[in-house]
Amino acid sequence: MVRRTRKCDAIEENRSLDAKVSSEISQQTQWMLAVRDERDRAAFAKLFDHFAPRLKGFAIRSGASNAHAEEIVQEVLLAVWHKASQFDPHRAQVSAWIYQIARNKQIDQFRKEDRPLPEVLLVEEDDTPDADQILALEQETQELHTALGKLNPEQRELIEQTYLGELSHSNIESLTGLPLGTIKSRIRLGMARLRHEMKGLR
Amino acid sequence: MSMSHIQHHIPEPLLVAYVSGNLPEPFALVVAAHISLCVECRAAMEAHQQVGGVILNEEKCVAVSAGMKAALLDLLDVPVPEEKPSRPKGPYPAPVADLFETETPDWRSLGRGVKQSILMDKGAGSVRLLSIPSGMAMPDHSHGGMEMTLVLQGSFSDVQGRFARGDVEIADSSVTHTPIADEGDTCICLAATDASLKFNALLPRLLQPLFRI
């Protein structure tokens, strides 16, 4: 992995990385990296266009009113802008990162309680994107997407309800319908990556 | 921070409940503290966030109000108060340390060297820290319902085995278990309990192992 030492070098290297793999790394990830590293408002606007209507649908399905859902969308996307430095494309897809922010915001609003969060593992500031790792994660996400697409509609619905925040006997059982191989390989990859990052920090 | 010797993890359905925001706050705190110490459960959490992300990405779109985008873009320049950085204090991971102002918890003696510090108490659920000298039993802190206990220092043993830093023991009130602090360092535990009826009805399912590697 190439380490960068100064911001101007970083931009240079980002550009060369972009040139090399821009056709492969998803647009979402590129937009998010532009928001994180260059505070790029046009890229943020692209993220808005993609995620705002989905976040709104998501919030409404998990019980928010129309107006309330828009409040949640606004808070989530503001957090995406302000917490962008915490986004690590080696460990999370943009959609996964935004999903967690959205669940946290909705809980904070509904229950009026602070959701306890794990310690943040800080991304090393001089860490340029490792294209192979990012692509591996994107490929897995694609596999997960395909596997979820193969579920029957009832099973799919139950799994969606579970991740939307409804907990019941039947949807806990539905978890056994998750594509296990994909999730297990994701956990293994994630552990290897985390152990590697920890070694660097300690 | 010891990362590699954790033997007792968060059961998968409980982890999914945490990711999706379904765990009562006392247990969510224990999960957050455990993940702060456990690479395996952090990786599992991130895997479930990925499932959530795929579902979000495929969610049906509901159009937002016309002026929303412009209004939001304007808001980007409004400064936000800097968040106080969360940090661990001694053996206490950041989400636990955030609950007391000082460097050490506000201990109250329960007699015979056993101490407790109540971090959260909300009717159905509570979270406390317990400090137990070696050879002493952990005081009974349950109100019925489920208990989750995370070891932060030292270790204890009971019928379910030995639990050291980072290990989580989960029991419901039907399990009779008397944890005894082992020889060595004073045992410090984070103990959460919640008697919410709906949640406890689901408990047996939540504790079933599903697909951990």
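Before any of the text, the structure's been laid out above.
Predicted model only: the values in this text are computed from it and were never measured.

## Side note on the nonpolar core
Counting residues in each nonpolar core, the largest one holds 102 residues, and the members touching the most others are Leu77(A), Met148(B) and Leu190(B). Take this core: its biggest share by element is ten residues, from helix α3 (residues 39-57) of chain B. Excluding anything up to four places from it in sequence, Leu77(A) contacts Phe44(A), Phe48(A), Phe51(A), Ala52(A), Leu55(A) and Leu72(B). Of all hydrophobic cores here, the second largest spans twelve residues; its members include Met138(B), Val151(B), Cys187(B) and Ala191(B).

## Focus on the side chain of His50(A)
Turning to its location among the elements, His50(A) is positioned in helix α3 (residues 41-61). Engagement of the side chain of His50(A) in a polar contact is seen with the side chain of Asn57(B), the distance being 2.7 Å. Sequence-distant contacts of His50(A), defined by excluding residues within four places in its chain, comprise Gln28(A), Trp31(A) and Asn57(B).

## With respect to the packing of helix α6 (residues 131-149) of chain A against α3(B)
Closest axis-to-axis distance for the α6(A)/α3(B) pair is 10 Å, and the angle between their directions is 65°. The two elements α6(A) and α3(B) cross, and the hand of that crossing is right-handed. Counted together, Leu137(A), Glu140(A), Thr141(A), Leu144(A), His145(A) and Leu148(A) of α6(A) and Gln50(B), Val51(B) and Val54(B) of α3(B) form the full contact between these two elements.

## Observations regarding the interface of chain A and chain B
At the junction of the two partners, chain A supplies 75 residues and chain B supplies 69 residues. Summing both partners gives a buried area of about 6800 Å² for chain A against chain B, and 65% of it is carried by carbon and sulfur. For the pair chain A and chain B, the interface holds five salt bridges. Notably, a salt bridge pairs Arg91(A) with Glu46(B), separated by 2.7 Å at the nearest N-O pair. Those elements that provide at least two residues to the side of chain A that touches chain B are α3, α4 (66-82), α5 (94-111), α6, α7 (153-164), α8 (169-174) and α9 (180-201) of chain A.

## Observations regarding the sheet that holds strand β6 (residues 161-164) of chain B
Residues and elements named next belong to chain B. Here three strands make up an open sheet; going across it, the order is β6-β5-β8 and the pairing antiparallel. Edge positions in the open sheet fall to β6 and β8 (180-181), since each of these has one partner strand only. Bridge analysis of strand β5 (residues 155-158) against β6 gives four bridges, and the strand direction is antiparallel. Among the inter-strand pairings, phenylalanine 156 is bridged to a residue of β6, identified as phenylalanine 163.

Rules behind the numbers
- Residues numbered from 1 in each chain as written.
- Chains lettered and ligands numbered in written order.
- Predicted model: local features only at pLDDT ≥ 70, side-chain atom pairs only at ≥ 80, totals over all residues.
- Heavy atoms only, no water.
- Core = buried A, V, L, I, M, F, W, Y, C linked by side-chain atoms within 4.5 Å.
- Buried < 20%, exposed > 50% of the residue type's maximum accessible area, 1.4 Å probe, protein only.
- Helix = DSSP H or I, 4+ residues; strand = E, 2+ residues; numbered from the N terminus.
- Contact = heavy atoms within 4.5 Å.
- Polar contact = N/O pair within 3.5 Å; in protein donor to acceptor, adjacent residues only side chain to side chain.
- Axes fitted to C-alpha atoms, helices over the stretch in contact; angles between N-to-C directions.
- Left-handed = near helix turned anticlockwise from the far one by under 90°.
- Buried area = accessible area lost by both parts, 1.4 Å probe.
- Salt bridge = Lys/Arg side-chain N within 4 Å of Asp/Glu carboxyl O.
- Pairing = 2+ DSSP bridges.

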